[in-house]
Amino acid sequence: MAAPEPPPLSHAHHTAPPHIRAIHKTYQKLPVPALAHDRHILDLAAAAADTPARQWHAPHLKLVGYVPGLQIIPSLLPPRTQRTLLSALLHKHLSNPEHATNLHPHYTLPYPSSPSSSDIKTASSLPKTTTPQAAITNLYSPGDTLAPHRDVSEASRAPLVSVSVGCDAVFVIGLDPATDSPPVPSSPDSPDSSAPPPRNPDADASAEAGERVLVLRVHSGDVVVMGGASRWAWHSVPRVVAGSCPGYVAGWPGAGMGEWAGWMGGKRVNLNVRQMWD
Ligand SMILES: O=C(O)CCC(=O)C(=O)O
């Protein structure tokens with residue numbers, strides 16, 4: 001599915017529609033235990049295989065009914081690849097002064113003397129629809145949020161590829177019925193008909209109003225691909241879930257790293273890969 005025309009750069013200053021902001025705020029405040037029982041959150045790791053919301057389309061899961069063009073690939077990165085990715089990102093690439101972060105002017109950040117030389121082989125398993133030309137590394141602790149926004153700085157319609165490692169997060173994504181074209185209805189036989197069913201009358205009403213929003217719990221190793229209309233969708237991270245980091249990455253960077261051992265146990269790292277030009 002081709003993405004519509006990119007919005008003009010000036011749209012970077014637009015405010016998210018009220019329904020997306022409201023949902024973001026709800027999940028920002030919901031107590032952690034309530035997250036596990038929230039009926040609006042699509043948690044693919046918790047959903048039974050026969051849940052209507054889950055339709056495997058090997059190996060990608062497409063949820064295009066709600067947000068056309070959105071693909072979720074649960075557990076794409078095996079544990080070892082996730083650890084390699086962390087070392088490559090945080091010890092190798094961010095130690096390069098050309099990749100300085102907002103922390104660098106304020107802190108002296110120590111790096112291991114022999115940065116990992118492992119390259120990100122992961123790239124070869126990511127969707128071929130995107131040529132990686134730029135990437136953002138987002139580092140979160142529980143309590144951090146990413147406000148609703150759209151990524152409109154790229155002059156390419158290629159899908160945006162978002163990789164999660166570490167603690168779980170709540171990820172909100174939706175279109176603005178006032179400005180985004182309505183989703184194209186798909187045929188009942190098509191894998192694109194795998195829209196998660198609305199879970200309650202409120203969700204029904206808002207879906208009918210065109211306010212289609214998906215609330216996902218993303219886990220370590222998951223990859224979210226925003227292509228088609230979802231490329232320009234509003235999205236946010238209202239929540240990073242404390243205590244949810246899986247054991248296989250929680251210990252990173254590992255024993256022998258002094259006070260840094262186990263740093264990852266309270267963090268979420270998101271690698272957001274973009275194609276800038278066609
Ligand atoms: O952390 C995430 O999952 C999303 C990051 C994001 O939306 C962005 O970098 O634009």
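Residues numbered from 1 in each chain as written. Predicted model: local features only at pLDDT ≥ 70, side-chain atom pairs only at ≥ 80, totals over all residues.

An unreviewed UniProt entry lists the protein under the name Fe2OG dioxygenase domain-containing protein, with Morchella conica CCBAS932 given as the organism.

Thoughts on the overall build of the protein
How we decide: Under the scheme used here, helices are H or I runs from DSSP no shorter than 4 residues and strands are E runs no shorter than 2 residues, and both carry numbers assigned from the N terminus. To assign burial, the other C-beta atoms lying within 10 Å of each residue's own C-beta are counted, with C-beta atoms placed from the backbone; 20 or more indicates buried, 12 or fewer indicates exposed, and intermediate counts indicate partly exposed. Any pair of residues counts as being in contact when their C-beta atoms, constructed from backbone geometry, are within 7 Å of one another.
A tally of helices and strands in the protein yields six helices and twelve strands. Across the 278 residues of the protein, 35% fall into the buried class. Looking at the protein alone, contacts between residues at least 24 apart form 86% of all its contacts between residues at least 6 apart.

Topic: the nonpolar core
Inclusion rule: In this description, a nonpolar core means buried residues of the types Ala, Val, Leu, Ile, Met, Phe, Trp, Tyr and Cys, linked to one another by C-beta atoms lying within 7 Å.
By size, the foremost hydrophobic cluster in this structure holds 53 residues, and its most contacted members are Leu86, Val170, Phe171, Val172, Leu214, Val215 and Ala233. In this structure, Phe171 is in contact with Leu216, Val218, Val224, His235 and Val237, ignoring residues within four places of it in sequence.

Digging into the site of the ligand
Under the convention used in this document: Nearness is defined per residue: the C-beta atom, placed using the backbone, must lie within 6 Å of the molecule or strand. Nonpolar residues are Ala, Val, Leu, Ile, Met, Phe, Trp, Tyr, Cys and Pro. Charged residues are Asp, Glu, Lys and Arg, and all others, Gly as well, are polar.
Taken together, Ile136, Asn138, Leu146, Asp151, Ser162, Phe171, His235, Val237, Asn270 and Asn272 are the residues near the ligand. Elements that contribute at least two residues to the shell around the ligand include exactly strand 5 (134–140), strand 11 (234–240) and strand 12 (268–274). Residue composition of the shell around the ligand, grouped by class: four nonpolar, five polar and one charged.

A closer look at unusual backbone geometry
Between Trp252 and the following residue, Pro253, the backbone shows a cis peptide bond with an omega angle of 10°. Tracing the chain through its elements places Pro253 in the loop between helix 6 (247–250) and strand 12. Positive phi values are uncommon outside glycine, yet Ser75 reaches one of about 50°.

Some words on the UniProt feature "binding site: Fe cation" (unreviewed entry) in the protein
Selection criterion: UniProt positions are given in the numbering used here, feature names are shortened, and annotations may be inferred rather than shown by experiment.
Those places that UniProt annotates as "binding site: Fe cation" (unreviewed entry) correspond, in this numbering, to His149, Asp151 and His235. These residues run over 87 residues, yet every pair of their C-alpha atoms falls within 9.0 Å of each other. Inspection of the secondary structure puts His149 in strand 6 (residues 146–149). The contacts of His149, once residues within four sequence positions are left out, are Ala16 and Ser236. Within the secondary structure layout, His235 lies in strand 11. Classification of His235 as buried rests on a count of 27 C-beta atoms within 10 Å.

As for the sheet that holds strand 1 (residues 41–42)
Let me state the cut-off plainly: For two strands to be treated as a pair, DSSP must find at least two bridges joining them. Only the stretch in contact is used when fitting a helix axis, every axis being a line fitted to C-alpha atoms; angles between N-to-C directions are given from 0 to 180 degrees.
If you walk across this open sheet you meet the five strands as 1-9-8-11-6, and the pairing is mixed. In the strand order of this sheet, the two ends are held by strand 1 and strand 6, each with one partner. Of the strand pairs in this sheet, strand 1 and strand 9 (residues 213–218) are connected by two bridges, and their pairing is parallel. Residue pairing in the sheet places Ile41 in a bridge with Val215 of strand 9. Its contacts with the sheet put helix 1 (residues 18–29) on strand 6, strand 8 (169–174), strand 9 and strand 11, and the angle it makes with strand 11 is roughly 10°.

Some points on the environment of Pro68
Looking at the secondary structure, you find Pro68 in the loop between strand 3 (60–62) and strand 4 (70–73). Sequence-wise, Pro68 and Gly227 are 159 residues apart; in three dimensions their C-alpha atoms are separated by 8.0 Å.

Notes on the pairing of strand 12
Where burial is concerned, most of strand 12 is hidden: six out of the seven residues are buried. Bridge analysis of strand 5 against strand 12 gives seven bridges, and the strand direction is antiparallel. Each bridged residue has a counterpart across the sheet, and for Ala134 the counterpart in strand 12 is Arg274. Where strand 7 (residues 160–166) and strand 12 come together, six bridges link them in antiparallel fashion. Residue pairing across strands places Ser162 opposite Asn272, the latter belonging to strand 12.

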